[in-house]
Amino acid sequence: MNGSPIPSAMSASPQHNGSGIVSMEGKRILCTADIRGNISQLNQLARDTRADYIIHTGDFGFYERSSLSRISDRTLKHLVQYSTLIPPTVRNRLNNSPIDQVRRTIEQSPQPFLSEFPEFLAAVKRLEVPVYTVWGACEDVAILEKFRTREYQIHNLHILDEATTYLLEIGGISLRLFGLGGAVVQHKLFDNGEGSDTIAGGSGTMWTTALQIGELVETAQEVYDPTETRMLVTHASPGREGLLAQLALSLRADFTVSAGLHFRYGISYNEFACQPDQDHYRNRLLHSQQSFLQLWSAIKEQVESYVDDRQAALLQNALQVVNRVPPSQLAGEPSVLGERDEQAFKNMWNFNLPDAAFGWVVLDINQGRVSSETKSQGFNFSYRRSSSNTQATASPALSATGIYTDKPHQYKSNDWQPDKGSVENDSGSAKDEKMSIHSNSNSNNRNSRRMSMRNPYAIYVGGLMNNSVTEDDIRNFFGNDVVTGVRFPLDQTTQMPKSHCYVDLIDPVALENALSKNGQILKDNKLTINKPNSSEGRGRGGRGRGRGFRGNRDSVIRTSREPSTVGDSL
C-alpha cells in the first residue's frame, strides 16, 4: 500500500476497500449474460478473452439444492430447457417427463443440474477474476437475501443492487458501476413477493420494483461525482423497457449494459443512431410514463396507506424517474435538463448482450479511452447450400413463416386422395374407381417421395401404434407455427393410417427442435423421430428392384398443406 485508502495500482489483482473502490492500470472487462448456473464458464471466458474483470447481467444461477422446493413448475421447466449444465440426452428426457420426475432427478443427481453455486459457496471452486453481477429473472430470492445479510459470501463475487455501487479506478478513468436486477413487469412494480425491504421475488423468479428504482436513485445521488464515468448494469434491456431508459437518464449514465433479449448477436447502439430526432425518443419514454402512471393511479391510495416514511421517500424518487422525459424540441419546451438530455441522446451508449453461450463484449480501458470488442456465435446459414433444388427464404433462426415456389407436375391432395364414400362402397364401380386413383397417383407419389428426400426440413415420425394421433395432434406437438405439412401413409386394405407419418417443417431451427423430441410420448405412443433417409425410400420402392415403385400398391398418402407457407415443395 502507498498510504492511500485506495489499493495500489501495482497490485496483481484488484482489491476492494470499505468504500467499494478498486484501482488498477488499463485492463479488460468482459461483459456477458445468462450464465445460467454454469459459473465455471466465467473462468474459461476470462481466460479466452484475457479479461481482468467480468460484468454479468443476470440469470447468474443463484440456486442451491434447497431452492428446488421453492421453484414453480413453470420456472423449473424453463431452467431445464435452457440449462447448459444438464447433458443434452438427459435434458431431452426431462423435457418430456412429468414435473415430479424432473424434481426427483435433479434432487438425486450427484452432478449440479440447477447451478454450480453451492460448489463456489463452499470454495470447492473459485472465481479467478472479480465478477460484478446483477440478479436476473430466474434466481432464488432467499439466496440474494443471505448475501445482503452477509451470511453468504463468495470470493471475487460482487453483487450490484440498488444499495451497492462500486468504483473502479482503471485505465485513466473512474468507472462507477450501478446495477438493477430482475425482470421489469408492470403489474409487479409494487409487489415484493417473498422478498423483504426493496428486494422482490418468489417461486424461483425475481423482478424489479419501484422501491428498488427509488433506492438506486438515492444511492447514485449520494456518490455523485462529475469526474466519474457511469455505467448502469441491468438484466432487462433499456431499449425495450422505457422505464430503464428513464432511469439511465436520471443516473446520468454514460453506458448501459443489459441482456434479456437472447439474440445470437450483441447489440451496440445509441438513441441518436436509432431515432430520427429526440422527439421520437421522447415519445417512447412518454409511452412508458403513461403505462406506469395508469398503474399508479389505480393503486396509489392502497400503496400510500401501506408504506412507511422511508419507503414513501423512495417512491417519490421512483416517480421522479417516471417523470424524467426530455423536453420536446419541436415545441421548444424550456428545461434546465434539456442540454444534458440532448447529450445523453447522442452520447449514452447501450450494449445488449447475447447469452454467454453465444457471445460477449469486452471493454478495453486504457489511457482514458473505452474501446470495445464484440464476439457472437451468430446464425448458421450453411443450410442454404445444402438444398440447391429448394427455393427457401425462411429465417435461419427465429422465422415462423417460409415461402416456397410451386413446381410443375406436383400433385394436389384432391388429385389422388380416395373418396371416403367410394372406399366404403363394395360395388364393382367403386373398386374400379379405387384402382384408377392408385394408378393415376403412382407418378405423383413417386415425386412426393423423391422430393421428401431432397427437403432438408422433413422428418419421419414413427411409433404411432394406437391410431389415436391426428394431424392436429402432430401440429400441436411440434408447433402450429412451424409445421407446414403432415402426411399419413394409409394401408390400402384397411384404409387406416400406418404407424408413422411425415412432417414438413419451416426452417432448420424447427427441424433441430423437432429432432430433439425423439423418444417423447404423444397419446401413449413413444415417438421415433428422425430424418427420412435413402434406406427408407428404397424400402418403399425406391431404387434397385423398386424402380416400378411397387410400394404404391400397399399405400396411398393422405396429406394436408398450408398453401400460404410452404405450398407443394415436398
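The rules behind each value
- Residues numbered from 1 in each chain as written.
- Predicted model: local features only at pLDDT ≥ 70, side-chain atom pairs only at ≥ 80, totals over all residues.
- Heavy atoms only, no water.
- Helix = DSSP H or I, 4+ residues; strand = E, 2+ residues; numbered from the N terminus.
- Buried < 20%, exposed > 50% of the residue type's maximum accessible area, 1.4 Å probe, protein only.
- Contact = heavy atoms within 4.5 Å.
- Areas by Shrake-Rupley, 256 points an atom, 1.4 Å probe, with all protein chains shown as cover.
- Salt bridge = Lys/Arg side-chain N within 4 Å of Asp/Glu carboxyl O.
- Axes fitted to C-alpha atoms, helices over the stretch in contact; angles between N-to-C directions.
- Parallel < 35°, antiparallel > 145°, perpendicular 65-115°, else oblique.
- Nonpolar A, V, L, I, M, F, W, Y, C, P; charged D, E, K, R; others polar.
- pLDDT = per-residue confidence, 0-100.
- Phe/Tyr/Trp six-rings, centres within 6.5 Å; stacked < 30°, edge-to-face > 60°.
- Lys NZ or Arg CZ within 6 Å of the ring centre and 35° of its normal.
- Left-handed = near helix turned anticlockwise from the far one by under 90°.
- Core = buried A, V, L, I, M, F, W, Y, C linked by side-chain atoms within 4.5 Å.
- Patch = residues over 30% accessible without salt bridge, like charges linked within 9 Å, V, L, I, M, F, W, Y side chains within 5 Å.
- Pairing = 2+ DSSP bridges.
- Arc of directions from axis to C-beta.
- Right-handed = clockwise from strand over helix to strand, strands pointing away.

Participant: Please explain the overall build of the protein chain as it appears in this structure.
Facilitator: Per the secondary structure count, the protein chain includes 18 helices and 22 strands. Evaluated residue by residue, the protein chain yields a buried proportion of 52% over its 570 residues. Considering only intrachain contacts with a sequence separation of at least 6, the fraction spanning at least 24 residues in the protein chain is 71%. If you sum the accessible surface of the protein chain, you get close to 27200 Å²; carbon and sulfur atoms cover 47% of it.

Participant: Sorry, what's going on with the pattern of salt bridges here?
Facilitator: Pairing is possible between side chains of opposite charge, provided their charged atoms come close. This model, assessed by the stated rule, comprises 19 salt bridges. For Glu162, the salt bridge identified is with Arg148, shortest N-O distance 2.4 Å. Within this pair, whereas Glu162 is found in the loop between β5 (157-159) and β6 (166-170), its partner Arg148 is found in helix α6 (residues 141-148), the two being separated by 14 residues in sequence. The buried category is assigned to Glu162, whose relative accessible area is 0%.

Participant: Honestly, the packing of helix α7 (residues 210-222) against helix α11 (residues 309-322) in this entry has me stumped. Any pointers?
Facilitator: When two helices pack together, their arrangement is captured by the angle between the axes and the distance separating the axes. The geometry of α7 relative to α11 is characterised by a closest axis approach of 7 Å and an angle of 85° between their N-to-C directions. Our classification of the angle between α7 and α11 gives roughly perpendicular. Residues Ala210, Leu211, Ile213, Gly214, Glu215, Val217 and Glu218 of α7 form the contact with α11, whose own contacting residues are Arg310, Gln311, Leu314, Leu315, Asn317, Ala318 and Val321. Across the contact of α7 with α11, the residue classes break down as eight nonpolar, three polar and three charged.

Participant: Would you take a moment to explain the confidence of the model for the protein chain for this structure?
Facilitator: Interpreting fine coordinate detail is not advised for predicted regions of low pLDDT. On average, the protein chain scores 79 in pLDDT, and the residues at 70 or more come to 75%. In the model, residues 391-453 has pLDDT below 50 throughout and makes 101 contacts with residues more than four positions away in sequence or in other chains. Scored below 50 in pLDDT, residues 534-570 makes 99 contacts in the model with residues more than four places away or belonging to other chains.

Participant: Which parts of the structure should I look at to understand unusual backbone geometry?
Facilitator: Not every positive phi belongs to a glycine, and Ser203 is a case in point at roughly 60°. The exposure class assigned to Ser203 is partly exposed, which follows from its relative accessible area of 32%. Positive phi, close to 70°, is recorded for Asp524, a residue that is not glycine. By secondary structure assignment, the location of Asp524 is in the loop between β19 (521-522) and β20 (525-526).

Participant: Explanation requested: the packing of aromatic side chains in the structure shown.
Facilitator: For any pair of aromatic rings, geometry is given as the distance between the ring centres together with the angle between the planes. This model, assessed by the stated rule, comprises 16 aromatic pairs. Relative to Tyr152, the ring of Phe117 has its centre 6.1 Å away and its plane inclined at 50°; by these criteria the two rings are tilted. Placement of the pair is Phe117 in helix α5 (residues 117-121) and Tyr152 in the loop between α6 and β5, with a sequence separation of 35 residues. In textbook terms, an aromatic cluster arises when at least three aromatic residues are bridged by ring pairs, as seen for Phe60, Phe62, Phe117, Phe147 and Tyr152. The positively charged end of Arg264 is found above the aromatic ring belonging to Phe358, 4.0 Å away from the centroid.

Participant: I would appreciate a short explanation of the packing of helix α2 (residues 73-81) against helix α4 (residues 99-108) in the present structure.
Facilitator: Interhelical geometry of α2 versus α4 gives an angle of 60° and a closest axis separation of 11 Å. Between α2 and α4, the crossing angle belongs to the class labelled oblique. The hand of the α2/α4 crossing is left-handed. Contacts from Asp73, Leu76, Lys77 and Val80 in α2 reach Ile99, Val102, Arg103 and Ile106 in α4. Counted by class, the contact of α2 with α4 contains five nonpolar, no polar and three charged residues.

Participant: What is the right way to look at helix α1 (residues 40-49) in this model?
Facilitator: Each turn of an α-helix holds 3.6 residues, which means side chains three or four residues apart point in the same direction. The set of residues buried in α1 consists of Gln41, Leu42, Asn43, Leu45, Ala46 and Thr49. As for α1, its buried residues are in contact with β2 (27-32), β3 (53-56), α5, β4 (131-133) and β14 (359-366). The positive-phi residue at the C-terminal boundary of α1 is Arg50, with phi of around 55°.

Participant: Teacher, can you tell me more about the nonpolar core here?
Facilitator: Soluble globular proteins: nonpolar side chains tend toward being buried together. If you look at the biggest cluster of nonpolar residues, it comprises 37 residues, and the most contacted ones within it are Ile213, Leu216, Leu232, Leu247, Leu251, Tyr281 and Leu315. When contributions to this core are tallied by element, the ones reaching two or more residues are β7 (173-180), α7, α8 (242-250), α10 (278-306), α11 and α12 (338-347). For Leu315, the residues in contact, after removing those within four places along its chain, are Phe190, Ala210, Leu211, Trp296, Val303 and Val307. Counting residues in each nonpolar core, the second largest holds 29 residues, with Ile35, Phe62, Phe147 and Ile159 among its members.

Participant: For this particular structure, what's the right way to read a nonpolar patch on the surface?
Facilitator: Residues Tyr265, Phe379 and Phe381 make up a contiguous nonpolar surface patch of roughly 260 Å² in combined accessible area. As for its placement among the helices and strands, Phe381 is situated in the loop between β15 (369-376) and α13 (413-416). On the basis of relative accessibility, which here comes to 37%, the residue Phe381 falls in the partly exposed class.

Participant: Which parts of the structure should I look at to understand the sheet that holds β14?
Facilitator: Hydrogen bonds between backbone groups are what pair the strands of a sheet, and the pairing can be parallel or antiparallel. Overall, mixed pairing links the six strands, which are arranged β5-β4-β3-β2-β14-β15 in an open sheet. Both outer strands of the open sheet, β5 and β15, are each paired with one neighbouring strand and no more. For this sheet the average axis-to-axis angle between neighbouring strands, irrespective of direction, equals 20°. As paired strands, β14 and β15 are joined by eight bridges and run antiparallel to one another. Counterpart to Gly359 in the pairing with β15 is Ser376. Strands β2, β3, β4 and β14 of the sheet are contacted by α1, whose axis makes an angle of about 135° with β2.

Participant: Quick question: what am I supposed to make of helix α17 (residues 508-515) here?
Facilitator: Among all positions in α17, only Pro508, Ala510, Leu511, Ala514 and Leu515 are buried. Buried positions in α17, seen along its axis, are confined to an arc of 160° and lie on one side of it. Contact partners of the buried residues in α17: β16 (458-462), α16 (471-478), β18 (500-505) and β21 (528-530).

Participant: So what exactly am I meant to see when it comes to the pairing of strand β11 (residues 255-258) here?
Facilitator: Remark: a regular strand shows side chains that alternate across the two faces of the sheet. What you see with β11 is no split at all: Phe255 and Val257 on one side and Thr256 and Ser258 on the other are buried throughout. One ladder, built from three bridges, connects strand β10 (residues 229-234) with β11; its direction is parallel. Among the inter-strand pairings, Val233 is bridged to a residue of β11, identified as Val257. In terms of handedness, the path from β10 via α8 over to β11 forms a crossover that is right-handed. Pairing between β11 and strand β13 (residues 349-352): four bridges, direction parallel. Within the sheet, the bridge partner assigned to Ser258 lies in β13 and is Asn352.

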